[in-house]
Amino acid sequence: MSSEASVVPRRQLFIDGEWKEPVLGGGSLSSIPPQKASSVGTSLIDLEAAAAAARTSRVLVLMNWDVPAGTAEDVDLAVSAARRAFSRNKGRDWSRASGSHRAKFLRGIAVKITERRDELAKLEALDCGKPSDEAAWDIDDVAACFEYYADLGEALDGKQKAPISLPMQTFKSHVLKEPIGVVGLITPWNYPLLMAAWKVAPALAAGCTAVLKPSELASVTCLELADVCKEVGLPAGVLNIVTGLGPDAGAPLASHPQVDKIAFTGSTETGRKIMISVSQMIKPVSLELGGKSPIIVFEDVDIDKAVEWALFGCFWTNGQICSATSRLLLHENIADEFLKKMCRWAANIKVSDPLEEGCRLGPVVSQGQYEKIKKHILTAKNEGATILYGGARPQHLDKGFFIQPTIITNVETSMQIWKEEVFGPVLCVKTFRTEEEAVDLANDTQYGLAGAVLSKDPDRCSRLTEEIQAGIVWVNCSQPCFCQAPWGGNKRSGFGRELGNGLGLDNYLTVKQVTQYISDDPWVGTAIRQSCKSQTWMTPRTLLAPTKLGIAPFLKAC
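Since the structure is predicted, the reported quantities are computational estimates derived from the model, not experimental observations.

Caption draft 1: Highlighting the side chain of Thr 325. Locating Thr 325 in the fold gives a position in the loop between helix H10 (303-315) and strand S14 (327-331). Beyond its immediate sequence surroundings of up to four residues, Thr 325 is in contact with Ser 293, Pro 294, Ile 295, Gly 313, Cys 314, Leu 427, Ala 452, Trp 474, Ser 478 and Gln 479.

Caption draft 2: Representation of the pattern of salt bridges within the structure. Scanning the model with the defined rule gives 33 salt bridges in all. Linking Glu 18 and Lys 230 is a salt bridge whose minimum nitrogen-to-oxygen distance equals 3.8 Å. One end of the pair, Glu 18, is in strand S2 (residues 18-20); the other, Lys 230, is in helix H7 (residues 220-232), and 212 residues separate them in sequence. When its relative accessible area of 35% is taken as the criterion, Lys 230 is described as partly exposed. Notably, a salt bridge pairs Glu 356 with Lys 350, separated by 3.1 Å at the nearest N-O pair. Under the relative-accessibility criterion, Glu 356 is labelled partly exposed at 37%. With relative accessibility at 30%, the residue Lys 350 sits in the partly exposed group. Each of Arg 11, Lys 112, Glu 115, Arg 116, Glu 119, Glu 224, Asp 227 and Glu 231 takes part in one network of salt bridges that share partners.

Caption draft 3: Focus on the sheet that holds S14. Here we have 7 strands laid out as an open sheet, ordered S15-S16-S17-S14-S13-S19-S20, and mixed in their pairing. Either end of the sheet is taken by a strand with one partner, and the two such strands are strand S15 (386-389) and strand S20 (472-475). Across this sheet, the average inter-strand angle for adjacent strands is 25°, counted without regard to direction. Summarising the sheet, strand S13 (residues 294-297) and S14 pair through 4 bridges and their orientation is parallel. When the sheet's bridge partners are listed, Pro 294 is paired in S14 with Arg 327. Packed on one face of the sheet, H10 meets S13, S14, strand S16 (406-409), strand S17 (426-432) and strand S19 (450-454) and runs near 135° to S17.

Caption draft 4: Seen up close, the packing of aromatic side chains. Applying the stated criterion to the full structure yields 14 aromatic pairs. Measuring from centroid to centroid gives 5.8 Å for Trp 137 and Trp 316, while their planes differ by 10°, and the two rings are stacked. Placement of the pair is Trp 137 in helix H5 (residues 132-159) and Trp 316 in the loop between H10 and S14, with a sequence separation of 179 residues. Here Trp 316 falls in the buried class, since its relative accessible area comes to 16%. These aromatic residues form a ring-pair network of at least three members: Trp 137, Trp 309, Phe 312 and Trp 316. For the cation-ring pair, Arg 460 lies above Phe 298, with the distance from its terminal atom to the ring centre recorded as 4.1 Å.

Caption draft 5: Looking closely at the pairing of S14. Across the 5 residues of S14, 5 count as buried, placing the element largely inside the fold. Residues Arg 327, Leu 329 and His 331 of S14 are buried on one face, and the alternating residues Leu 328 and Leu 330, pointing to the opposite face, are buried as well. Read from S13 through H10 to S14, the crossover connection turns out right-handed. Here S14 runs beside S17; their pairing, made up of 5 bridges, is parallel. Bridging across to S17, Leu 329 finds its partner in Lys 430.

Caption draft 6: Fine view of helix H6 (residues 192-206). Look at H6: 22 Å from first C-alpha to last across 15 residues, which is about the 21 Å you get at 1.5 Å a residue. Of all 15 residues making up H6, 15 are buried, and the element is well covered by its neighbours. One or two residues past the end of H6 sits Gly 207, with phi positive at roughly 105°.

Caption draft 7: Geometry of the nonpolar core. Counting 113 residues, the largest nonpolar core has Ile 113, Phe 146, Tyr 149, Val 297, Leu 328 and Phe 338 as the members making the most contacts within it. If you count residues domain by domain, this core takes at least three from each of domain 1 (13-19 + 56-289 + 504-510) and domain 2 (294-482). Excluding its chain neighbours within four sequence positions, the residues that come into contact with Leu 328 are Ile 295, Val 297, Ala 310, Phe 338, Met 342, Leu 427, Cys 428, Val 429 and Lys 430. Residues Val 411, Val 422, Cys 428 and Val 439 belong to the second largest nonpolar core, which totals 29 residues.

Caption draft 8: The packing of helix H3 (residues 99-115) against H6, seen in detail. Running from N to C, H3 and H6 cross one another at 160°; their axes reach a closest spacing of 9 Å. The angle between the axes of H3 and H6 places the two elements in the roughly antiparallel class. Crossing hand, H3 versus H6: right-handed. Here H3 contributes Arg 102, Leu 106 and Ile 113 to the contact with H6, which in turn contributes Leu 193, Ala 201, Leu 204, Ala 205 and Ala 206. Residue classes in the contact of H3 with H6 are distributed as 7 nonpolar, no polar and 1 charged.

Caption draft 9: Unusual backbone geometry, seen in detail. Phi angles above zero are rare outside glycine, and Lys 161 is one such case at about 60°. Here Lys 161 is to be found in the loop between H5 and strand S6 (162-164). For Lys 161, a relative accessible area of 55% corresponds to the exposed category. Even without being glycine, Lys 491 reaches a positive phi, approximately 50°. As for its placement among the helices and strands, Lys 491 is situated in strand S22 (residues 490-491). The class for Lys 491 is partly exposed, based on a relative accessible area of 38%.

Cut-offs and rules
Residues numbered from 1 in each chain as written. Predicted model: local features only at pLDDT ≥ 70, side-chain atom pairs only at ≥ 80, totals over all residues. Heavy atoms only, no water. Helix = DSSP H or I, 4+ residues; strand = E, 2+ residues; numbered from the N terminus. Contact = heavy atoms within 4.5 Å. Salt bridge = Lys/Arg side-chain N within 4 Å of Asp/Glu carboxyl O. Buried < 20%, exposed > 50% of the residue type's maximum accessible area, 1.4 Å probe, protein only. Pairing = 2+ DSSP bridges. Axes fitted to C-alpha atoms, helices over the stretch in contact; angles between N-to-C directions. Phe/Tyr/Trp six-rings, centres within 6.5 Å; stacked < 30°, edge-to-face > 60°. Lys NZ or Arg CZ within 6 Å of the ring centre and 35° of its normal. Right-handed = clockwise from strand over helix to strand, strands pointing away. Expected span 1.5 Å × (residues − 1). Core = buried A, V, L, I, M, F, W, Y, C linked by side-chain atoms within 4.5 Å. Domains from an automatic or database assignment. Parallel < 35°, antiparallel > 145°, perpendicular 65-115°, else oblique. Left-handed = near helix turned anticlockwise from the far one by under 90°. Nonpolar A, V, L, I, M, F, W, Y, C, P; charged D, E, K, R; others polar.

This is the structure in structure tokens:
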């Protein structure tokens, strides 16, 4: 199907339940789809220069459909709307409403997402360049994510006031889990709507209100989420969506004093800036950042199956995935055969317009990303690595930000291609002799998001799941992701967990301890009897704080 056959809806910012033009005159972000760009590297506007111009003119040429360019003024309006929605009717309308009440809206969103699956998948493929089949699977996952958190939010009702066992019978205690407040959600361009769902769904299920700032490179489907929210009658201000450039909209959101938490998925460098910003206000933050994940392949594998997983693990989503297993560690006994088969398989990957049937590798998202990937490949070659396969534009595609699936060998650990995240269809390969060497190579990275081990030896796999320093480890596979399993990394891949049975929801909840004195006896006497009976001693601070009577009554009683 042709890209031109699709119509991209024109939307404005979504603030307080309504479409609103940006405060500073209705500026917009606009461009051509990544698969249709022509004169790559010459006539297209350079992203950084265009971004600088946009900060003064409020117009940025990025795509051939318009996305509103929000600024700090729009963020202020959105945060104010979210704050009002959080406290409306003393919270009874949303933040203090039952989980089952909020779950109805989440399920409504899931239904509408499913109804619009084909339309949303097409828009996603057009906007970020991923194959339409993958985009459709993403939309299925979006609906499933809202359903999942609807269930968890509903279950939260039954977990409130969970009793705490105490050593003194004169007290009873319980825990309340309450929404953390107004949250700022900043999401990337590789999974535009799905990454938004990973944050929006648990935030709303918890009772938070939110301001979502999608990537300026792929905002279209997030604005369609706003349209879905209008359809299901989500209360005004519960979810607000401000599109725009990072410095103009993302940074003001991260530093806004009325935002109670920031959740961010994106680059490590931007995550560092957000940490600095929120630290000034001692504000909680969760970060899912970059990765340079290893996939270790031992000599006992079925080579055909292992080749398939190795290719899938790196080239899925056009290689633009934070958890990509982009460092292939091959046992030296099978390296030659493995690499020959891998190159043959790579040659059969269909690189095309993402809406074309059978596409398995589309264009990368932007000219800036295209040039960055090409520079990584050139640097690897200049440092002495071998471009075993790919490394250039496919000959049959003279337009668009297309790069062949690329396999690089003879890689040393000192090379840039080994150390730095490429975020494109580039796989670097290194061989090993022993299990110990493989583990050392796998952990030789500043990142710690994911890792994979492929072997028929279950004991070996078990050992490596413990030894690989990452938040996610896959055994005999790469890249599976389920709402029920926690997602997040270690080291410079960030901290905090999304998804998972309760962990993702807990990101947006604060815990309150409630303790009640239930005895009719005076506190001092009760405390003394309890303490002497259990042969434990109340500390002077514990005893004196509520009574102000001094320690004499305690000594006399004992």
